[in-house]
Amino acid sequence: MPDSQLQIREATDADSPQLIALIAGVFAEYPGCVLDVEGEEPDLLAIATAFAQKPGKFWVARQRGQVVGSLGLVFHAGYAELKKVYVRRPERRSGIARTLLEGAVSQVRAHRLGRLVAWSDSRFVEAHHFYEQHGFRRGPETRELNDLSDSVEFAFELDLARFSSASRMP
């Protein structure tokens with residue numbers, strides 16, 4: 001496979017430094033967003049181990065030897081939740097996020113769950129559009145994280161009957 005070709009695979013703990021750099025880069029786009037890995041996001045230090053314990057799964061999208069996208073999935077009773085969905089700015093609108101989402105939907109269906117939820121920072125307007133374009137409905141709920149970024153998040157929910165996908169992820 002040429003190095004420029006997109007590869008999506010389950011994350012390993014060795015992906016953590018590049019994943020942290022990806023998320024730090026996204027946060028830097030938004031005034032007031034702070035990435036405090038040790039204090040607020042310690043899962044990032046050993047991402048595969050952390051998600052296996054949730055229980056969940058975590059994937060990275062790699063291109064040219066770099067992590068350019070990510071998506072985590074945590075399984076709950078009756079639904080699954082998206083976590084840490086990020087794509088590096090130069091690769092946005094290239095289909096990476098959709099491919100990650102399609103794979104996540106396949107996993108949720110394999111677990112016989114019919115609902116997928118996501119929480120998105122109120123500042124991440126591009127992400128809100130992405131979710132809505134792919135069948136998520138924004139709910140009335142918000143939550144304050146009381147974190148260093150003073151994050152307020154909007155709730156999004158997808159009834160999997162509204163999403164069609166043929167993609168698979170490992």
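Residues numbered from 1 in each chain as written. Predicted model: local features only at pLDDT ≥ 70, side-chain atom pairs only at ≥ 80, totals over all residues. Heavy atoms only, no water.

**Digging into the confidence of the model for the protein**
- Mean pLDDT over the protein works out to 93, with 94% of the residues at or above the 70 mark.
- Confidence drops under pLDDT 50 across residues 166–170; counting only partners more than four residues distant or on other chains, this segment forms 18 contacts. (pLDDT = per-residue confidence, 0-100. Contact = heavy atoms within 4.5 Å.)

**So, the packing of aromatic side chains**
- With the rule as written, the count across this model stands at seven aromatic pairs.
- Clustering of aromatic rings is evident, with ring pairs tying together Phe27, Tyr30, Tyr86 and Phe124.
- Lying over the aromatic face of Phe154, Arg138 brings its terminal NZ or CZ to 3.5 Å of the ring centre. (Phe/Tyr/Trp six-rings, centres within 6.5 Å; stacked < 30°, edge-to-face > 60°. Lys NZ or Arg CZ within 6 Å of the ring centre and 35° of its normal.)

**Structural notes on the sheet that holds strand S3 (residues 66–76)**
- Strand order in the open sheet formed by seven strands is S1-S2-S3-S4-S5-S7-S6, with mixed pairing between adjacent strands. In this open sheet, the two edge strands, each paired with only one partner strand, are strand S1 (7–10) and strand S6 (137–144). In this sheet, adjacent strand axes meet at a mean angle of 25° when their direction is disregarded.
- Sheet analysis places S1 next to strand S2 (residues 56–63), joined by four bridges and oriented antiparallel. Its bridge partner lying in S2, Glu10 is registered against Trp59.
- The strands touched by helix H1 (residues 16–28) within the sheet are S2, S3 and strand S4 (79–87), with S3 carrying the most contacts at an inclination of about 95°.
- Of the strands in this sheet, S1, S2, S3, S4, strand S5 (115–121) and strand S7 (152–159) touch helix H4 (residues 96–110), which is tilted by about 25° from S3. (Pairing = 2+ DSSP bridges. Helix = DSSP H or I, 4+ residues; strand = E, 2+ residues; numbered from the N terminus. Axes fitted to C-alpha atoms, helices over the stretch in contact; angles between N-to-C directions.)

**Here's the deal with helix H5 (residues 125–133)**
- Among all positions in H5, only His128, Phe130 and Tyr131 are buried. One side of H5 holds all its buried residues, which, seen down the axis, span an arc of 160°.
- As for H5, its buried residues are in contact with S4, H4, S5 and S7.
- Looking at the residues trailing H5, positive phi occurs at Gly135, about 95°. (Buried < 20%, exposed > 50% of the residue type's maximum accessible area, 1.4 Å probe, protein only. Arc of directions from axis to C-beta.)

**Observations concerning the pattern of salt bridges**
- Applying the stated criterion across every chain yields a total of 17 salt bridges.
- Note that Arg123 is salt-bridged to Asp121, the shortest N-O span being 2.9 Å.
- Judged by relative accessible area, Arg123 falls into the partly exposed class, the value being 23%.
- By relative accessible area, which is 6% here, Asp121 ends up buried.
- One network of salt bridges, in which partners are shared, links Glu29, Arg89, Arg92, Arg93 and Glu126. (Salt bridge = Lys/Arg side-chain N within 4 Å of Asp/Glu carboxyl O.)

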